[in-house]
Amino acid sequence: MTKIPNDYNQSKMGLLICTQKIDRKDPVLGFFCNWVESLAKKFEKITVVCLHQGENNLPANVVVLPLVQEETNNPGIKLFSQGRRIIRFYKFIWQARNNYDVVFVHMNSEYIILGSLFWRIWRKGTALWYNHAQGNIRAKIAARVSNKIFCTSTDSFMAKYKKTRIMPVGVDVEKFKPSETIRRRRNSILFLGRIAPIKKLDLLIEALHLLKSRGVSFTASIYGNPTAADENYYLDLKKSVRTAGLEREVSFYVGIPNYQTPAIYASHDIFVNLSPDGLYDKTIFEAMAAGNLVISAHSNLRSKIDPRLMLEERNSKKLAAVLETVLNLDDKDRVGLRNDLRYYVVQYHDLEILANRLEQELSSLT
């Protein structure tokens, strides 16, 4: 465990965090360890109830309580384990009730639904971070019983509620920054994130095929893993690359831990994100902070970044045109755009800014 320096301005409040995973090696959720570490500077005590616990090095004022001890694929044991997890959840929030004043649930609306009645009786304010583009009946119930809701995009499913606060994305700009030692490969294109149909990687491959047919020189790297449900989509992407004759240009890599991604961003020239408007991927802002030229179609970025980097429509022809424009930029333009993108993240989406906002919003619930 790391120690908290004495000069940190900590609140005397205790915080309960409920989340899916505490594991710095996780390719998708590893970043959340950084969030907890930043919040540990703001709160006297933090208790984290999570589904899974992996490798972490959290400060001494953070206690992690995992709900899952062992994984199993046996249906009968799995059903029993789900019941046991719920019992453990109630046990944890009860035993720790004197150590927290407010509750912060990250993404998993189930926690809010399970605990809301007890937290209301115990007078614990609740806040839900929910940043999905769409929401189901559980999300609607969780929104109703939460005291506050946080999301980063005005197009998020939760943005419509009066109790919702639009928050900074939360990128550690000291970790995600241009590297002085890693060479950035010119005209290298990067996708990094979860492999899923909603990410529109099929459009990226179609656009790369168009670029190659025009004689444009590039390389492309795709980092990420699919879920079991999206495995066929992943296989289809690889087949599309072979069919289009892009094997020499496009490379697939497995997902890597968040703490290893700064080096990947730093070695690439252009980052592409095609997620829908309600899905404000944090990788967009990590890439900006790391010095990538970021191409995105997200409506929230209009007027925030240079229009040459904005994709007005999510289709392969439009994407190929934007990519070709960016690939042909001269060095002066590239440097200016990289500086502007990093400045935007530093000013509005730094992790320290998010931690301060969360402290302010959560403290107001007591």
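Structure: see above.
All values reported here derive from a predicted model rather than from experimental measurement. (Residues numbered from 1 in each chain as written. Predicted model: local features only at pLDDT ≥ 70, side-chain atom pairs only at ≥ 80, totals over all residues. Heavy atoms only, no water.)

1. Notes on the environment of Arg248
Next up, step 1: With respect to the element layout, Arg248 can be found in the loop between α6 (231-243) and β10 (250-253).
Next up, step 2: For Arg248, a relative accessible area of 80% corresponds to the exposed category.
Next up, step 3: With 29 residues separating them along the chain, Arg248 and Thr219 place their C-alpha atoms 8.0 Å apart. (Helix = DSSP H or I, 4+ residues; strand = E, 2+ residues; numbered from the N terminus. Buried < 20%, exposed > 50% of the residue type's maximum accessible area, 1.4 Å probe, protein only.)

2. Considering the environment of Lys282
Next up, step 1: Position of Lys282 among the secondary structure elements: in helix α8 (residues 282-289).
Next up, step 2: In this structure Lys282 comes out as buried when scored by relative accessible area, which is 16%.
Next up, step 3: Put simply, Lys282 and Leu301 are 19 residues apart on the chain and 13 Å apart in space, counted from C-alpha to C-alpha.
Next up, step 4: Not counting the four nearest positions on each side in its chain, Lys282 is found in contact with Phe31, Trp35, Val169, Gly170, Val171 and Asn258.
Next up, step 5: Side-chain polar atoms of Lys282 contact the side chain of Glu286, separated by 2.5 Å. (Contact = heavy atoms within 4.5 Å. Polar contact = N/O pair within 3.5 Å; in protein donor to acceptor, adjacent residues only side chain to side chain.)

3. Some remarks on the pairing of strand β6 (residues 148-151)
Next up, step 1: Going residue by residue along β6, you find Lys148 and Phe150 tucked away on one face and Ile149 and Cys151 tucked away on the opposite face as well.
Next up, step 2: Sheet analysis places strand β5 (residues 125-129) next to β6, joined by three bridges and oriented parallel. Paired with Trp129 across the strands is Phe150, a residue of β6.
Next up, step 3: Chirality of the crossover, the property in question, places the unit of β5, helix α4 (residues 137-145) and β6 among those that are right-handed.
Next up, step 4: One ladder, built from three bridges, connects β6 with strand β7 (residues 164-166); its direction is parallel. For Ile149, the partnering residue across the bridge sits in β7 and is Thr164. (Pairing = 2+ DSSP bridges. Right-handed = clockwise from strand over helix to strand, strands pointing away.)

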